[in-house]
Amino acid sequence: MDTRAIESAARLLSRARSVCVLTGAGMSVESGLPTFRDDQTGLWSRFDPDELATPAAFRRDPVKVWSWYRWRRQELAKAEPHAGHVTLAEWERRVEDFVVVTQNIDGLHHRAGSRKVIELHGRLDIARCTYCDYQVQGLEDLGPDPSCPLCMKRVRPGVVWFGEALPAEALAAAFDAARRCEVFMVIGTSGVVQPAASLPDLAKAGGAAIIEVNPNPSELSSLADVVIRAGCRDALTSIDAAWRRMAS
């Protein structure tokens, strides 16, 4: 790991009053959850999203769709936040304005203690009614084709599917956080999924320093002022240790 890059990142963070962090699948992988887009091990290399992750698929065969999501919810129940998640939660208490924007649907940032989290793609541990405002949170098995206890209509996973718009309120909050931040961190994301991939550009245009944490080059690497080629957990804990040394 590049010690100078770690120290540069720590220095930028220690001076910032406003920080926005964008996290992607790399954070989840280190908690044992699979990515979607990896060519060899990603979920979409083994499953067809048109059959499992679209409104049309759910209308066509809700039991099949729920079977897949029930399996994924079972896997999520086994996962725990790692030290990188916990470090970000600690930084939220350290920085006046600290926001995590995540493309992940696992809820691990919340479980690690973060409170200011914008979830662009929904939550796997939430199910919601397709008709009324009812929703339920938790990872208990809801059965093969759950229905709403209020209106008896069908309940669906609380995630954003292909062909659906991102939640307008979450998206607006993410853009606002990117515009106002002094430091923008990009952690464990390939930078190919829009509109989240445009957030670093927006931050850069506003004068923010960009820190990328990714073991591999990404579409966003050219924007970065500091690049740390390491896993999320190791990079974040190393930055935190350097930050603490500077403060002592």
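Treat the numbers as computed from the prediction; the structure is a model and nothing was measured.

Rules used throughout
- Here the residue index of a chain counts from 1 through its sequence in written order.
- Per-residue local features of the predicted model are confined to residues with pLDDT of at least 70, and side-chain atom pairs are confined, for both listing and counting, to 80 or more; whole-chain, interface and lining totals are unaffected and use all residues.
- The side-chain numbers reported here are obtained from all heavy atoms of the structure, hydrogens and water having been left aside.
- Numbering of helices and strands starts at the N terminus; helices are DSSP runs of H or I of at least 4 residues and strands are runs of E of at least 2.
- The atom set for the radius of gyration is the C-alpha atoms, and the globule formula is 2.2 Å times the number of residues raised to the power 0.38.
- The cut-offs for exposure are 20% and 50% of the maximum accessible area for each residue type, with area from a 1.4 Å probe on protein chains only; residues under the lower value are buried, those over the upper are exposed, and the others partly exposed.
- Every residue pair with non-hydrogen atoms within 4.5 Å of one another is taken to be in contact.
- Per-residue and other accessible areas were derived by the Shrake-Rupley procedure at a 1.4 Å probe size, with only the shown protein chains allowed to occlude residues.
- For the charge count, each Lys or Arg is scored as positive and each Asp or Glu as negative, with His and the chain ends excluded.
- To locate a charge, take NZ of a lysine, CZ of an arginine, CG of an aspartate or CD of a glutamate.

> I tried to follow the overall build of the protein chain on my own but got confused; where do I start?
Looking only at helices and strands, the protein chain has 10 helices and 9 strands in total. In terms of overall size, the protein chain behaves like a compact globule, its C-alpha atoms giving a radius of gyration of 19 Å where 248 residues would be expected to give roughly 18 Å. Structurally, the protein chain occupies a C-alpha span of about 55 × 35 × 30 Å along its principal axes. Taking all 248 residues of the protein chain together, 51% fall into the buried category. The long-range share in the protein chain, meaning contacts at least 24 apart out of those at least 6 apart in sequence, stands at 66%. Counting only carbon and sulfur atoms, one obtains 49% of the accessible surface of the protein chain, whose full area is about 11600 Å². The positive charge centre, built from 30 side chains, and the negative charge centre, built from 32, are 2 Å apart in the protein chain.

> Would you take a moment to explain unusual backbone geometry for this structure?
The peptide bond linking Gln 194 to Pro 195 adopts the cis configuration, its omega dihedral lying at 5°. Here Pro 195 lies in the loop between β7 (183–187) and α9 (199–205). Positioned with a positive phi, Met 152 is a non-glycine residue whose angle comes to about 70°. Exposure remark for Met 152: the relative accessible area of 58% places this residue in the exposed category.

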